[in-house]
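Understanding the architecture of this molecule
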Amino acid sequence: MQGDGRPVSARAIRDGDAWAADRPSPLALPLLIGLALLSAALVVYAAGNWALGVGFGAAVLAAAALLSWYRRLYPPQTAVGEVVPDWTVARAAADASSMAIAVTDRAGRLVCASDLFGEWFPGYPTPPHITGDAALSDSLAGAARAAWRDGEARVEGIVQGALRLDATLCRTGRSEDYLLWRFSPVRQPSALDDVHRLLTGEAGRQLGEAGIMAVMIGGEGRIRAANGAFLLRAAGRIDANITGRDFAAHMRVDDKARLFLAREEAGGIPLRLLQVPLKRAAQPAGAQSGAQDGPMLLLLIDEPAGSAGGTSALSYIETLLSLLPFGLAMADRDGRVLFLNKAFSRAAGLKIEEKPSYPGDLVVREDQAAVADAVRRFAVGPQMSGDVAVRMRSQPDEPIALSLAGVRGLGEAAVLLSLKDNSEESKLKRQVAQATKMQAIGQLAGGVAHDFNNILTAIIGHCDLMLMRHTPGDSDYDDIQQIKSNSNRAAGLTRQLLAFSRQQTLRPQILQLPDIVADVSNLLKRLLGESVKLEVSHGRNLGAVRADPGQLEQVIVNLAVNARDAMPEGGTLNIQTYGVPAAKVREMRSDILPPADYTAVRVSDTGLGIPPDILSKIFEPFFTTKELGKGTGLGLSTVYGIVKQSGGFIFAESELGRGASFVIYLPVYQGADAAQAAQPKAPVRRTETWGTGTVLLVEDEDMVRAVAERALTRQGYKVLTANDGEQGLEVLGGDEKIDLLISDVVMPNMDGPSMVARARATHPDLPVLFMSGYAEEQLRKSIDIANVAFLPKPFSVSQLAEAARDALAMRPAAE
């Protein structure tokens with residue numbers, strides 16, 4: 001045990017000194033009387049009055065007596081009441097626990113730790129730095145701050161070697177100036193635990209009263225648990241301890257192959273034995289194993305004289321199976337279902353009191369033959385067990401494992417069937433599959449949008465060049481304008497695809513959600529029309545968030561338009577903002593939303609609602625329930641991408657006929673500039689885009705390079721071109737002086753950032769303008785080079801000219 005507390009003896013000595021200091025000294029009374037006499041003499045000498053002197057001396061004695069009496073009634077608390085931590089007591093309490101325990105003080109020092117803490121974390125490291133994992137240290141440090149603030153915190157899933165631990169932190173001490181760390185191992189529940197509790201608890205006692213002896217043994221044949229009925233008959237005492245002993249040592253078999261308890265010799269009653277496999281060793285799919293491969297539950301029942309035992313034993317077994325917490329059923333050799341417990345009915349999706357005739361009635365038609373064949377195989381021959389993958393009628397899309405085991409000696413019962421209730425597991429699988437599908441679609445959408453942006457760049461650029469040669473009123477002017485307008489609409493679709501794939505360019509700012517809702521409210525009133533009523537409410541003390549205000553406005557507009565379309569006969573659209581503290585997030589117990597402080601916005605309507613089978617698909621791109629030509633299917637996918645790229649989460653809730661709600665959680669910004677308000681946009685200053693100088697244009701797409709070259713040439717620049725980075729370096733190394741380098745980012749052979757990095761060795765002050773169909777944030781690591789600008793595709797001729805002008809303005813002034 002590590003600790004810096006003082007020993008108990010030090011406290012005893014200190015308390016003794018304090019008590020001695022409070023006791024009156026033997027010389028105190030004579031000194032007090034002398035002092036009173038001296039005071040009386042001085043008064044008589046000064047006043048010449050004996051009565052006055054005697055009264056003054058008596059008053060001094062009375063005051064001293066009162067003071068002494070007060071000190072005895074109320075002794076000083078500063079020394080006696082002080083408590084010094086006795087870490088030896090803490091050591092005894094900590095070592096008696098199965099948890100690793102440590103105590104740190106306000107300064108972050110380790111003042112106490114148990115021996116188990118030193119075994120699990122060698123060297124007694126000081127929390128939160130208990131391992132070399134930086135992410136774990138950050139997580140524990142955040143939990144420590146939460147514990148100092150809230151009084152307690154918890155971190156789950158700490159991996160230390162072969163251990164998996166949960167950490168619980170709490171603030172403690174008389175002055176709450178210590179932090180208690182408790183590390184406890186995570187123990188996964190299993191069917192063995194359930195059976196162990198059943199045998200040693202009230203259910204085991206009830207089985208014994210019904211005449212059923214129950215024993216759980218391991219794969220090696222040793223007893224792990226038994227109910228009282230077996231202990232009493234096998235060992236002679238209901239409180240006997242036979243755990244770890246060989247089960248076979250308590251049994252005997254006579255010359256007629258009948259089974260008896262070894263303790264009951266000649267007068268014993270023959271027993272029937274039922275074996276229920278609890279767990280089998282890991283095997284390849286479809287393989288069969290003997291019933292003795294793993295732990296199992298053994299049931300022993302007296303066989304009445306003169307009977308086959310089938311009907312009597314079966315009634316006992318049915319009583320037992322009805323008490324078990326896992327789904328079990330029995331079938332005869334012909335495959336007819338004899339019995340099934342409630343857990344089996346629940347896992348199979350059956351109604352109350354509903355009983356199928358055959359196990360095949362529970363599965364889809366395609367799997368009925370396989371189930372019937374498996375029942376016949378396990379009903380005859382040696383006792384075996386195995387699994388069959390089937391699809392239940394209640395859940396035809398989710399294959400599950402139906403476990404079968406052959407049983408003997410139970411009359412008509414020949415096969416034991418087990419079915420696991422895996423509804424939660426299936427739900428998690430669907431969520432993982434949905435997330436994987438969304439990620440794959442996002443990657444595909446981002447790639448398509450990037451390639452499409454190159455094509456749109458060429459179309460829009462050529463339209464701009466053609467418009468320079470035509471004036472309004474020309475026969476071709478309107479057609480060119482129409483082509484450019486449609487191209488811009490296509491560019492808007494690519495931006496939505498990039499938003500869904502989280503690859504669009506964002507300009508995040510620190511802002512308040514109520515401000516965004518207020519800015520867009522006037523627009524919403526016009527979009528919703530007169531039949532839809534808009535209601536807006538805001539919470540108090542909302543934390544600031546960091547996001548792109550323009551993109552958030554698009555999110556709210558898209559959700560509002562969808563809500564309007566869901567209310568064809570009118571209704572109410574409610575937009576609400578409110579704060580969600582970390583404590584409330586923990587109470588929600590969400591598997592997706594991590595505990596943190598959030599600012600949320602809820603957009604709800606009173607419309608038709610969303611059917612459950614559609615709710616899981618609404619965020620997929622191009623999925624729409626609207627009529628042909630009335631929607632692209634990118635509205636909600638755009639919302640999903642913007643929220644995710646902003647670090648937030650979005651959830652949809654709906655009930656048919658009662659409307660739908662979309663809740664967006666954005667994390668509260670915790671930076672040093674969190675209180676800084678969003679800066680107003682500076683007015684755009686239009687200047688001349690005509691320029692001079694030599695521009696090196698590096699682009700691997702011929703159509704983009706051609707239109708960019710023509711656009712820059714018309715603006716007065718001399719343009720040199722290259723197909724990739726290697727050719728660009730060759731041109732840059734020539735005799736021509738380059739004033740500006742314009743390059744695509746992603747190119748074959750050598751990409752733009754690699755070319756610029758090598759070019760800066762010889763041209764350190766050369767301004768660079770990168771252009772790409774990917775988002776700037778996605779390329780930020782590769783283009784994180786000084787003195788560079790970025791132009792997203794698709795762009796128009798005027799946008800290219802303005803970007804080139806601004807990039808040239810970054811050149812340092814000539815000396």
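All figures in this text were calculated on a predicted structure; none of them were measured in a lab.

1. Digging into the packing of helix α21 (residues 702-714) against helix α24 (residues 797-808)
Helix-helix packing is characterised by the crossing angle of the two axes and by the distance between the axes. Between α21 and α24, whose axes approach to 10 Å, the crossing angle comes to 65 degrees. Considered as vectors, α21 and α24 are oriented roughly perpendicular to each other. The two elements α21 and α24 meet at a crossing, and its hand is right-handed. Note on element contacts: α24 touches α21 through V797, L800 and A804, opposite A708, A711 and L712.

2. Description of the nonpolar core
With 37 residues, the main nonpolar core has L524, L559, L573, I575, I650, F662 and I664 as its most contacted residues. Every element with two or more residues in this core is listed here: α16 (513-528), β20 (532-538), β21 (545-547), α17 (549-565), β22 (571-580), β23 (598-605), α20 (635-645) and β25 (660-667). A per-element tally of this core places α17 first, with 7 residues. Those residues in contact with I575 that lie beyond four places of it in its chain are V517, L524, L534, E535, V536, S537, I556, V601, R602 and V603. Counting 25 residues, the second largest nonpolar core, distinct from the first, contains A329, V337, V371 and V415.

3. Regarding the sheet that holds strand β26 (residues 694-698)
Pairing in this open sheet of 5 strands is parallel, and the strands run β27-β26-β28-β29-β30 from one edge to the other. The open sheet has two free edges, formed respectively by β27 (718-722) and β30 (788-792), since each of these has just one partner strand. Along the sheet, successive strands turn relative to each other by an average axial angle of 20 degrees, direction set aside. Relative to β30, strand β29 (residues 768-772) runs parallel, the two sharing 5 bridges. In the sheet register, V768 faces β30, and the bridge partner there is V788. Each of β26 and β27 is contacted by helix α22 (residues 725-732), which is oriented at about 160 degrees to β26, the strand it contacts most. Of the strands in this sheet, β26, β28 (740-744) and β29 are in contact with helix α23 (residues 752-759), which crosses β28 at around 155 degrees.

4. Quick look at α22
Of the residues making up α22, those classed as buried are G725, G728, L729 and L732. Taken down its axis, α22 places every buried residue within 100 degrees of arc, on the same side. Residues of α22 that are buried make contact with β26, β27 and α23. Capping the start of α22 is the job of one residue whose side-chain oxygen sits 3.3 Å from the backbone nitrogen of E726: D724.

5. Some remarks on the sheet that holds β25
Read from one edge of the open sheet, 5 strands run β20-β22-β23-β25-β24, paired in mixed fashion. Each edge of the open sheet is held by one strand with a lone partner, namely β20 and β24 (649-654). Taking each pair of neighbouring strands and ignoring which way they run, the sheet shows an average axis angle of 15 degrees. Set on the sheet, α16 makes contact with β20, β22, β23 and β25; between it and β20 the angle comes to about 175 degrees. Seen against the sheet, α17 touches β20, β22, β23 and β25 and runs at an angle of roughly 170 degrees to β25.

6. Section: the pairing of strand β18 (residues 413-419)
Burial of β18 is extensive: 6 of the 7 residues sit out of reach of the surface. Inspection of the sheet shows strand β14 (residues 327-331) paired to β18 by 5 bridges, in the antiparallel sense. By the bridge assignment for β18, M330 is matched with L416.

7. Section: unusual backbone geometry
Cis rather than trans, the peptide bond between P127 and P128 has omega equal to 10 degrees. Not every positive phi belongs to a glycine, and Y124 is a case in point at roughly 50 degrees. With phi around 55 degrees, R589 is a residue other than glycine that occupies positive phi space.

8. Description of a nonpolar patch on the surface
A cluster of nonpolar side chains, namely F452, I455, I459, I483 and M703, defines an oily patch on the protein surface of about 370 Å² accessible area. If one sorts the elements of the nonpolar patch by residue count, helix α14 (residues 423-467) sits on top with 3 residues. Of note, I483 is situated in helix α15 (residues 477-500).

9. Things to note about the packing of aromatic side chains
If you walk through the whole model with that rule in mind, you get 9 aromatic pairs. Ring geometry for F117 versus F183: centroids 5.9 Å apart, planes at 45 degrees, classification tilted. Taken together, the positions of F117 in helix α6 (residues 115-120) and F183 in strand β6 (residues 178-185) put the pair 66 residues apart, joining distant regions of the chain. On the basis of relative accessible area, F117 is assigned to the buried category, the value being 0%.

10. Here's the deal with the environment of E709
Looking at the element boundaries, E709 is found in helix α21. In sequence terms E709 and L697 are 12 residues apart; their C-alpha atoms lie 7.3 Å from each other.

11. Quick notes on the pairing of β22
In terms of burial, β22 is a largely internal element, 7 of the 10 residues being buried. Relative to β22, β20 runs parallel, the two being bridged by 7 bridges. Looking at β22, one finds that H538 is bridged to T577. The pairing of β22 with β23 spans 8 bridges and is antiparallel. Bridge pairing in β23 places G579 opposite T599.

12. Let's talk about the environment of E653
Considering the arrangement of structural elements, one finds E653 in strand β24. Looking at E653, the relative accessible area reads 41%, which means it is partly exposed. Here the alpha-carbon distance between E653 and P612, two residues 41 residues apart in the chain, equals 9.6 Å. Among residues more than four places away in sequence, those in contact with E653 are R602, A660, S661 and V663. Only 3.4 Å separates the side chain of E653 from the side chain of R602, close enough to count as a polar contact.

13. A look at the confidence of the model for the chain
Mean pLDDT for the chain: 76, with 73% of residues reaching 70 or above. Low confidence marks residues 77-82, where pLDDT is under 50. Its contacts with residues over four positions away, or in another chain, come to 9 contacts.

Thresholds, definitions, all that
The written sequence of each chain sets the order in which its residues are numbered from 1. It should be noted that, the model being predicted, local features are given only for residues of pLDDT at least 70 and side-chain atom pairs only at 80 or more, the latter also being counted only at that level, while totals for whole chains, interfaces and linings use all residues. The side-chain figures draw on all heavy atoms in the structure; neither hydrogens nor water molecules are used. Every angle, taken between N-to-C directions, lies between 0 and 180 degrees, and every axis is a line fitted to C-alpha atoms, over only the stretch in contact when it is a helix. Note on conventions: DSSP H or I runs of at least 4 residues are helices, E runs of at least 2 residues are strands, and numbering of each starts at the N terminus. When describing relative orientation, an angle under 35 degrees is termed roughly parallel and one over 145 degrees roughly antiparallel, while 65 to 115 degrees is termed roughly perpendicular and anything else oblique. In this scheme the handedness of a crossing depends on how the near helix is turned from the far one: anticlockwise by less than a right angle means left-handed, clockwise means right-handed. Whether two residues are in contact is decided by their heavy atoms: any pair within 4.5 Å suffices. Joining through side-chain atoms within 4.5 Å is the link that ties buried Ala, Val, Leu, Ile, Met, Phe, Trp, Tyr and Cys residues into a set, and such a set is a nonpolar core. Burial classes: relative accessible area under 20% of the type maximum marks a residue as buried, over 50% as exposed, and values in between as partly exposed (1.4 Å probe, protein chains only). Only strands joined by at least two bridges in the DSSP assignment are considered to pair. This arc corresponds to the set of directions leading from the helix axis out to the C-beta atoms. Throughout this description, a polar contact denotes any pair of N or O atoms lying within 3.5 Å of each other; where both atoms belong to protein, one of them has to be capable of donating a hydrogen while the other can accept it, and for residues adjacent in sequence the pair is counted only when both atoms sit in side chains. What goes into a patch is any residue over 30% in relative accessible area without a salt bridge, connected to like charges within 9 Å or, for nonpolar side chains (Val, Leu, Ile, Met, Phe, Trp, Tyr), within 5 Å. Working definition of accessibility: Shrake-Rupley area with a 1.4 Å probe, residue cover restricted to the visible protein chains. A pairing counts as a salt bridge when a side-chain nitrogen of Lys or Arg comes within 4 Å of a carboxyl oxygen of Asp or Glu. Each Phe, Tyr or Trp ring (for Trp, its six-membered ring) is paired with any other whose centre lies within 6.5 Å, and the angle between the two planes then decides the class: stacked below 30 degrees, edge-to-face above 60, tilted in between. Known as pLDDT, the predictor's per-residue confidence is scaled from 0 to 100.

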